[in-house]
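Here is how the chains run, residue by residue.
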Amino acid sequence: MPASHFLHQLQLCARRRTPSTAKRLHAQLIKTALHLCVPLPNTLLDTYGKCGLVEDALHLFDEMPHRDHVSWASILTAHNQANMPHRTLSMFPAMFESDGLQPDHFVFASVVKACSSLGAVRQGKQVHARFFLSPFCVDDVVKSSLVDMYAKCGLPDNARAAFDSILSKSVISWTAMISGYARSGRKSDAFEMFERLPVKNLFSWTALISGLVQSGHGVDAFYLFIEMRREGVHIVDPLVLSSIVGACANLAVLELGKQVHSLVIRLGYESCLFISNALVDMYAKCSDILAAKDIFGRMHQRDVVSWTSIIVGAAQHGQAEKALSLYEEMVAVGIKPNEVTFVGLIYACSHVGLVSKGRALFRSMIEDYGISPSLQHYTCFLDLLSRSGHLGEASNVIDSMPFEPDEPTWAALLSACKHHGDTQMGIRVADHLLSLKPEDPSTYILLSNVYAGARMWENVAEVRKLMAAREVKKKPGYSCIDIGKETQVFYAGETSHPMKDEMFSLLKDLDAEMRRRGYVPDSSFVLHDMEHQEKERQLFWHSERLAVAYGLLKAVPGTVIRIVKNLRVCGDCHTVLKFISSIVKRDIVVRDATRYHHFSNGECSCNDFW
């Protein structure tokens, strides 16, 4: 058969992605001695890459007696397509070291894409410099790749410089620039670019919406998504749906999440793996762990993200044993856990005090899976040890860490010292933490709390002065509650609500009943040096209590009351919500800044280990 026949068959095979056909054609080429006939080796190399046979492509590449720019572009692209960008970068220097070739525009585009995938901005800048000095420096495709790389690496100004140098700007380059601005939190620049975009399609809408969600502008993303729907943009790719499901998760808006879920079903994307993963995560973060488990249970295909999402969800809801049993199932079916899986598992152990299990998991992560613990792993492990009273061991772990302990690490140990009443160690840790010049307002509140607990009011005053000098402001505490389509937000101490009198009356009645059942207000959670009665009054008006009272007055009887709080629930309110759940026979779910609390029949899912 002539070489042209094989060339046509290989091109057809590459388009249809049929690996078995590619191998059969390769065998026939060898039998007919055409396997070295130009351009068949390069075409075969490209076909192997497009068929996902990257190892076969690499074997062929290594055996090629003559490799040109097309060969290199094909093998580098094959590794990118196989999600092996690290190999692309490691192979690239051999192009000029072994074959004496300088990269062309196709090779530059492949290498820049690898840098983009890895977030390797330093190597990306080096490739950019080489491209700038090359004869191909005017190529708009490579410039578009540079825009995408800088945008994904969080350097929107560098991306804009590359974008402005493009003579003929494609939709791809516009979309990358819009995404870069949105992901970096530069909302106005992203909207301005979007308005200037000559032709908007689903992918440009998705870039802006996804970027806004990633930068914490979920509400803006929702409004934009609604506008996109009104514009009649057909959702032929479900990525935008996963982004908007993620926005529901971040905002903890369960009812809106259910509506988006309905849209997912209506459009036929519920079986899509990454959509199902997003739904599991959304329901878990919106405090409906039963719905998350239901979605997970009905998934026909599960990857490490699926398992990790449900494990982390169970852990956050205080279901440590369930999280650990899910992990055993995950390993049994051959799914290898990743770094995030172990964060969830150690977190699960931390919140129910399973110290031995936590130690075993920490060792297994290193010895069985070769995962080097990150600072986050150490922080979770330290939290487990210190919360469980192993303060000495926690201190030793801090001393032996391969990282410099950061503010949250010391804050976790300090919180445990306060919880376990180790005033001496707590003051020592507090003094050290204060010397680090912390930035998080909650750290200053914790410091103040420890000093106040030790009745060291001068130190409390010093912390307050430092907060003022460094312009550190405590976030106002607020709680949100959804009743149907209505959302109410309550701030601590708020007294201007139209239903203030009804809420006050209900809380007063509940307070009287709680005291009859043995409730004694714990005023140690009020940090100011004031009279005991005034401290109790401040506790009475905490935002979560107002939200619960409103929910009891307005929600359908018997339904679960779901509250989202921006700060950590205080210990006294935690006790109060347990009492209320028992008195009114209602389940109350509170998502605070660190975890989920399911109050039912006078108990909480965190087992008072929050």
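Our structure is the block above this text.
Residues numbered from 1 in each chain as written. Predicted model: local features only at pLDDT ≥ 70, side-chain atom pairs only at ≥ 80, totals over all residues. Heavy atoms only, no water.

Q: Just to check I follow, could you spell out the overall build of the chain for this structure?
A: Helices and strands together make up the secondary structure of the chain, namely 33 helices and six strands. Here the chain holds 64 positive side-chain charges and 65 negative ones, and the gap between their average locations is 3 Å. (Helix = DSSP H or I, 4+ residues; strand = E, 2+ residues; numbered from the N terminus. Lys, Arg positive; Asp, Glu negative; His and termini not counted. Charge placed at Lys NZ, Arg CZ, Asp CG, Glu CD.)

Q: Explain the pairing of strand 1 (residues 478-483) to me, please; I cannot follow it from the model alone.
A: Two faces make up the sheet, and in a regular strand the side chains alternate between them. Residue alternation in strand 1 divides its side chains into a buried set, Ser479, Ile481 and Ile483, and an unburied set, Tyr478, Cys480 and Asp482. Taken together, the six bridges between strand 1 and strand 2 (residues 486-491) define a ladder with antiparallel strand orientation. Residue pairing in the sheet places Cys480 in a bridge with Val489 of strand 2. Once strand 1 ends, the chain turns through two residues before running back antiparallel as strand 2, passing Gly484 with a positive phi of about 65 degrees. (Buried < 20%, exposed > 50% of the residue type's maximum accessible area, 1.4 Å probe, protein only. Pairing = 2+ DSSP bridges.)

Q: Quick question: what am I supposed to make of helix 32 (residues 543-554) here?
A: Two residues of an α-helix separated by three or four positions point the same way, owing to the 3.6 residues in each turn. Spanning twelve residues, helix 32 covers 16 Å between terminal C-alpha atoms, matching the ideal 16 Å at 1.5 Å per step. Burial of helix 32 is extensive: ten of the twelve residues sit out of reach of the surface. Taken as a whole, helix 32 has its buried residues at Ser543, Glu544, Arg545, Leu546, Ala547, Val548, Ala549, Tyr550, Gly551 and Leu552. (Expected span 1.5 Å × (residues − 1).)

Q: Is there a simple way to explain unusual backbone geometry in this structure?
A: Negative phi is the rule for most residues except glycine; trans is the rule for most peptide bonds. A positive phi angle, close to 55 degrees, is found at Ala252, a residue other than glycine. The class of Ala252 is buried, set by a relative accessible area of 10%. Positive phi is not limited to glycine here, since Ser287 has a value of about 75 degrees. With respect to the helices, strands and loops of the structure, Ser287 is situated in the loop between helix 18 (273-285) and helix 19 (289-297). With a relative accessible area of 7%, Ser287 lands in the buried category.

Q: Before we go on, may I ask you to explain the nonpolar core in this structure?
A: As a rule of thumb, nonpolar side chains are buried together in soluble globular proteins. If you look at the biggest cluster of nonpolar residues, it comprises 149 residues, and the most contacted ones within it are Trp72, Ile75, Phe225, Met228, Leu241 and Leu413. No other element matches helix 18, which puts eight residues into this core. With residues near it in sequence (within four places) discarded, Trp72 still touches Phe61, Arg67, Met91, Ala94, Met95, Asp99, Leu101 and Val107. In terms of nonpolar packing, the next biggest core, distinct from the first, is built from 29 residues, Ile483, Leu546, Leu552 and Ile561 among them. (Core = buried A, V, L, I, M, F, W, Y, C linked by side-chain atoms within 4.5 Å. Contact = heavy atoms within 4.5 Å.)

Q: What should I look at first to understand the pattern of salt bridges in this one?
A: Side chains that carry opposite charge are capable of pairing whenever their charged atoms lie near each other. Scanning all chains against the criterion turns up 21 salt bridges. With its nearest N and O atoms 3.6 Å apart, the salt bridge here joins Arg298 to Glu270. Here Arg298, found in the loop between helix 19 and helix 20 (304-316), pairs with Glu270, found in the loop between helix 17 (254-267) and helix 18; they are 28 residues apart in sequence, far enough to count as distant. Given the relative accessible area of 43%, Arg298 is considered partly exposed. For Glu270, a relative accessible area of 24% puts it in the partly exposed group. Salt bridges sharing partners connect three or more residues here, namely Asp157, Arg186 and Asp189. (Salt bridge = Lys/Arg side-chain N within 4 Å of Asp/Glu carboxyl O.)

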